[in-house]
Amino acid sequence: MKNNNNNKINFFERIAQKATSFTGTTLAFMIALGVIVTWVITGPLFHFSDTWQLVINTGTTIITFLMVFLIQRTQNKDSRALHLKLNELIASLKGPSNRLVDIENLTEKELETLHKFYAHLAHLAKKEKDLTDSHSIEEAHQLHKEKYEQQIPKVNKNYE
């Protein structure tokens, strides 16, 4: 029974993928244009009646409604694939922080905090004379640790 359900999912996925691929073609555009031209040409035949207008309005509304879901489905799939590719790159490289893997699941507030940090790193990078100099989260933590450790002797000296 589970196999039957998988076949239904795969069938829907194939149909959705084919529909999405087709709607982005020149042929699909020409068909849509042909429908509009046919509708305009038949206007005088139907005396530009309310029914004549209702036909195109209803047709375009239904197609738009269905396309929203197809486009969103494709967008979700593409977005997930892109995130997985980026996660693979982050995880496989020595320099980037693994803490950034799967950050798309963070809250808006957490993402804003990261954004501010990277905006600060960009500001630091602009000050560098050498374009190859880089800053990372780890580097920032190490610099903070070093600064903190340098301050401890000064603080102790002031209290002696």
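Residues numbered from 1 in each chain as written. Predicted model: local features only at pLDDT ≥ 70, side-chain atom pairs only at ≥ 80, totals over all residues. Heavy atoms only, no water.

## Here's the deal with the overall build of the chain
Link 1 in the chain: Secondary structure assignment for the chain yields five helices and zero strands.
Link 2 in the chain: Order of helices (α) and strands (β) in the chain, N terminus to C terminus: α-α-α-α-α.
Link 3 in the chain: Looking at the chain as a whole, 9% of its 160 residues are labelled buried.
Link 4 in the chain: If you sum the accessible surface of the chain, you get close to 13,900 Å²; carbon and sulfur atoms cover 64% of it. (Helix = DSSP H or I, 4+ residues; strand = E, 2+ residues; numbered from the N terminus. Buried < 20%, exposed > 50% of the residue type's maximum accessible area, 1.4 Å probe, protein only. Areas by Shrake-Rupley, 256 points an atom, 1.4 Å probe, with all protein chains shown as cover.)

## Observations regarding unusual backbone geometry
Link 1 in the chain: Although it is not a glycine, His-47 sits at a positive phi angle of roughly 60 degrees.
Link 2 in the chain: Looking at the secondary structure, you find His-47 in the loop between helix H2 (26-41) and helix H3 (50-92).
Link 3 in the chain: A positive phi angle, near 50 degrees, is found at Phe-48, a position not held by glycine.
Link 4 in the chain: Relative to the helices and strands, Phe-48 is located in the loop between H2 and H3.

## Considering the packing of aromatic side chains
Link 1 in the chain: All chains considered together, the criterion is met by four aromatic pairs.
Link 2 in the chain: Both rings, one in Trp-39 and one in Trp-52, keep their centres 4.0 Å apart while their planes meet at 5 degrees; by these two values the pair is stacked. In this pair, Trp-39 sits in helix H2 while Trp-52 sits in helix H3, placing the two residues 13 residues apart along the sequence.
Link 3 in the chain: Judged by relative accessible area, which is 9%, Trp-52 ranks as buried.
Link 4 in the chain: Where Phe-117 meets Tyr-118, the ring centres are 5.5 Å apart and the plane angle is 80 degrees; that geometry is what we call edge-to-face.
Link 5 in the chain: An aromatic cluster is defined as three or more aromatic residues linked by ring pairs; in this entry it consists of Trp-39, Phe-48 and Trp-52. (Phe/Tyr/Trp six-rings, centres within 6.5 Å; stacked < 30°, edge-to-face > 60°.)

## Comments concerning the pattern of salt bridges
Between side chains of opposite charge, a pair can form when the charged atoms approach closely.
Link 1 in the chain: In the structure shown here, the tally under the stated rule is one salt bridge.
Link 2 in the chain: Its salt-bridge partner being Lys-77, residue Glu-13 comes within 3.5 Å of it at the nearest N-O pair. Within this pair, whereas Glu-13 is found in helix H1 (residues 2-23), its partner Lys-77 is found in helix H3, the two being separated by 64 residues in sequence. (Salt bridge = Lys/Arg side-chain N within 4 Å of Asp/Glu carboxyl O.)

## As for the side chain of Asn-87
Link 1 in the chain: As for its position among the elements, Asn-87 is in helix H3.
Link 2 in the chain: Those residues in contact with Asn-87, other than ones at most four positions away along the chain, are Leu-100, Val-101, Asp-102 and Glu-104. (Contact = heavy atoms within 4.5 Å.)

## Some remarks on the confidence of the model for the chain
Interpretation of this model should avoid reading the predicted coordinates in detail wherever pLDDT is low.
Link 1 in the chain: For the chain, per-residue confidence averages 81 on the pLDDT scale, and 76% of positions sit at 70 or higher.
Link 2 in the chain: Across the chain, the secondary-structure element scoring lowest on mean pLDDT is helix H5 (residues 137-159), at 62, and the one scoring highest is H2, at 96. (pLDDT = per-residue confidence, 0-100.)

## Topic: a nonpolar patch on the surface
Link 1 in the chain: Where nonpolar side chains cluster on the molecular surface, the patch consists of Phe-29, Met-30, Leu-33, Val-37 and Ile-41 and spans about 500 Å² of accessible area.
Link 2 in the chain: Inspection of the secondary structure assignment puts Ile-41 in helix H2.
Link 3 in the chain: The exposure class assigned to Ile-41 is exposed, which follows from its relative accessible area of 61%. (Patch = residues over 30% accessible without salt bridge, like charges linked within 9 Å, V, L, I, M, F, W, Y side chains within 5 Å.)

## Considerations on the packing of H2 against H3
Link 1 in the chain: The N-to-C vectors of H2 and H3 enclose an angle of 175 degrees; their axes lie 11 Å apart at closest approach. In terms of orientation, H2 and H3 fall into the roughly antiparallel class. Here H2 contributes Val-35, Ile-36, Trp-39 and Val-40 to the contact with H3, which in turn contributes Trp-52, Gln-53 and Ile-56.
Link 2 in the chain: Of the residues that constitute the contact of H2 with H3, the class distribution is six nonpolar, one polar and no charged. (Axes fitted to C-alpha atoms, helices over the stretch in contact; angles between N-to-C directions. Parallel < 35°, antiparallel > 145°, perpendicular 65-115°, else oblique. Nonpolar A, V, L, I, M, F, W, Y, C, P; charged D, E, K, R; others polar.)

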